[in-house]
Amino acid sequence: MAATIIDGFEIARATRERIAKEVKELNKKGIQPCLAVILVGENPASVSYVTGKQKALAEVGMVDRSLHLSESTTEEELLGIIDGLNKDPDVHGILVQLPLPRHINEERVIMAISPEKDVDGFHPVSVGNLVIGKPSFLPCTPHGIIELLKVSGIETNGARAVVVGRSNIVGKPVALLLARRDCNATVTICHTGTKNLAEITRQADILIAAVGKPACISADMIKPGAAVIDVGVNRIPDSTKKSGFRLVGDVDFEAAKEIASFITPVPRGVGPMTIAMLMQNTLEAAQNRL
């Protein structure tokens, strides 16, 4: 029996609808949730991501304070802009779109954002709170993955979860979230140094692929009946598409859906939830002002 396809697009839409209602309630109290998204340069993927965030802000009724800076913007100029936004009481969230041009130190930029406005969840204070289980802004993609599992009714309590990938953006934080008491999963992190990878992934009740390599998770690496969450977004050439490429995940979707019980597609899987969780974090940042 083929897997149930987890429609992240629809789950994200419902999430945005709920957030929009909460934004209206805040408006009645004189608060207009506001997010400043800073884009430096003309990276096509980054421009696309920022456009998606701006559409979401408009949809949920939040104030959009996005800034598009030139490629030649210096690190000091960017840090000065962030300092101004940190001090602006009308701005509740700040997000700097990564990657940045090579002449700008990403670590310094992330450190410059006030933890109270770090809606991306990348500041060391946010990461530290995540590790010890204190309230904080959760990284958007890992948070979105947990929401997909919950909404889809996938049991995490006592489940064996395997995360393939150890990035600071997805792999490590989603492993920490799965190990928290509210999820209560037993978690294994795999990476490029893992031996006998397939033996480990076949033990997973929940398999999360966050590698960035097309179809690197094949059907024979999946336990029958497992829930498979595909975080990968990879462009591969496709002459039949107007763009000249198509998007695929880290999982061999067509083969895997015949083995798994649940699976996320690419696109319309994890991606839409990332932006929905950014809206959630911005909402919470505004609510914290109360």
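Above this text sits the structure in question.
Bear in mind that the values here come from a model prediction, so they are computed numbers and not experimental data.

Draft legend 1. Inspection of the nonpolar core at higher detail. Core analysis: the biggest nonpolar cluster contains 52 residues, and Ile145, Leu178, Ile208 and Met279 have the highest contact counts within it. If one sorts the elements of this core by residue count, helix α10 (residues 270-287) sits on top with nine residues. Apart from residues lying up to four places away in sequence, methionine 279 is in contact with Ile19, Leu35, Lys53, Ala56, Leu57, Val60 and Met62. Membership of the second largest hydrophobic core comes to 17 residues, among which are Ile200, Ala204, Ala209 and Ile222.

Draft legend 2. Examining helix α6 (residues 140-151) more closely. Over its twelve residues, α6 extends 16 Å from the first C-alpha to the last, a length consistent with the 16 Å expected when each residue adds 1.5 Å. Of all twelve residues that make up α6, nine are buried, and the element is covered over most of its length. Along α6, the positions that sit buried rather than exposed are Cys140, Thr141, Pro142, His143, Gly144, Ile145, Ile146, Leu148 and Leu149.

Draft legend 3. Quick look at the sheet that holds strand β9 (residues 227-230). With parallel pairing, six strands are arranged side by side in an open sheet as β1-β12-β9-β8-β6-β7. This sheet does not close on itself; its edge strands, each paired only once, are β1 (4-5) and β7 (186-190). Both strand β6 (residues 160-164) and β7 contribute to a ladder of five bridges, which runs parallel. Counterpart to valine 162 in the pairing with β7 is threonine 188. Strands in contact with helix α7 (residues 171-179) are β6, β7 and β8 (206-209); relative to β6, the strand with the most contacts, it is inclined by about 170 degrees.

Draft legend 4. Summary view of the layout of surface pockets. The space that makes up the largest pocket amounts to roughly 1,600 Å³. Looking at the largest pocket, it is lined by 49 residues, and the ones nearest its centre are Tyr49, Thr141, Val233, Gly271 and Thr274. At nine residues, the largest contribution of residues to the lining of the largest pocket is made by helix α2 (residues 44-60). Looking at the lining of the largest pocket residue by residue, the class counts come to 27 nonpolar, 13 polar and nine charged. A volume near 360 Å³ is recorded for the second largest pocket. Ile110, Phe122, His123, Val127 and Asn168 are the residues nearest the centre of the second largest pocket, which is lined by 18 residues in total.

Draft legend 5. Representation of the packing of helix α1 (residues 8-28) against α2. Between α1 and α2, the least distance of the axes is 8 Å, while the angle of their chain directions is 55 degrees. When the interaxial angle is binned, α1 and α2 end up oblique. Every residue of α2 that contacts α1 at Arg16, Ile19, Ala20 and Val23 is listed here: Ala56, Glu59 and Val60. Tallied by class, the residues present in the contact of α1 with α2 amount to five nonpolar, no polar and two charged.

Draft legend 6. Structural context of a nonpolar patch on the surface. Together, Val127, Val131, Ile132 and Leu176 give the surface a local cluster of nonpolar side chains, amounting to about 330 Å² of exposed area. When residues in the nonpolar patch are grouped by element, the largest group, three residues, is from helix α5 (residues 124-132). Mapping leucine 176 onto the fold places it in helix α7.

Draft legend 7. Summary view of the pairing of β8. The side-chain alternation of β8 yields two buried faces, one formed by Ile206 and Ile208 and the other by Leu207 and Ala209. Of the strand pairs in this sheet, β8 and β9 are connected by four bridges, and their pairing is parallel. In the sheet register, isoleucine 206 faces β9, and the bridge partner there is alanine 227.

Draft legend 8. Spotlight on empty space enclosed by the protein. As enumerated under the stated definition, the model contains one cavity of 30 Å³ or more in all. The calculated volume of the largest cavity comes to roughly 60 Å³. Contributing to the lining of the largest cavity are Ile94, Leu95, Val96, Leu98, Ile110, Ile113, Asp118, Asp120 and Phe122. Examining the composition of the lining of the largest cavity, we find that three residues originate from one element, strand β5 (residues 93-96), more than from any other. Counted by class, the lining of the largest cavity contains seven nonpolar, no polar and two charged residues.

Scoring rules and cut-offs
Residues numbered from 1 in each chain as written. Predicted model: local features only at pLDDT ≥ 70, side-chain atom pairs only at ≥ 80, totals over all residues. Heavy atoms only, no water. Core = buried A, V, L, I, M, F, W, Y, C linked by side-chain atoms within 4.5 Å. Buried < 20%, exposed > 50% of the residue type's maximum accessible area, 1.4 Å probe, protein only. Helix = DSSP H or I, 4+ residues; strand = E, 2+ residues; numbered from the N terminus. Contact = heavy atoms within 4.5 Å. Expected span 1.5 Å × (residues − 1). Pairing = 2+ DSSP bridges. Axes fitted to C-alpha atoms, helices over the stretch in contact; angles between N-to-C directions. 1 Å grid on protein atoms, 1.4 Å probe; cavity = no way out; pocket = protein on both sides within 12 Å on 5 of 7 lines; lining within 4 Å. Points joined across faces, edges and corners; volume = space filled by probe spheres on them. Nonpolar A, V, L, I, M, F, W, Y, C, P; charged D, E, K, R; others polar. Parallel < 35°, antiparallel > 145°, perpendicular 65-115°, else oblique. Patch = residues over 30% accessible without salt bridge, like charges linked within 9 Å, V, L, I, M, F, W, Y side chains within 5 Å. Areas by Shrake-Rupley, 256 points an atom, 1.4 Å probe, with all protein chains shown as cover. Salt bridge = Lys/Arg side-chain N within 4 Å of Asp/Glu carboxyl O.

By themselves these figures say nothing about function.
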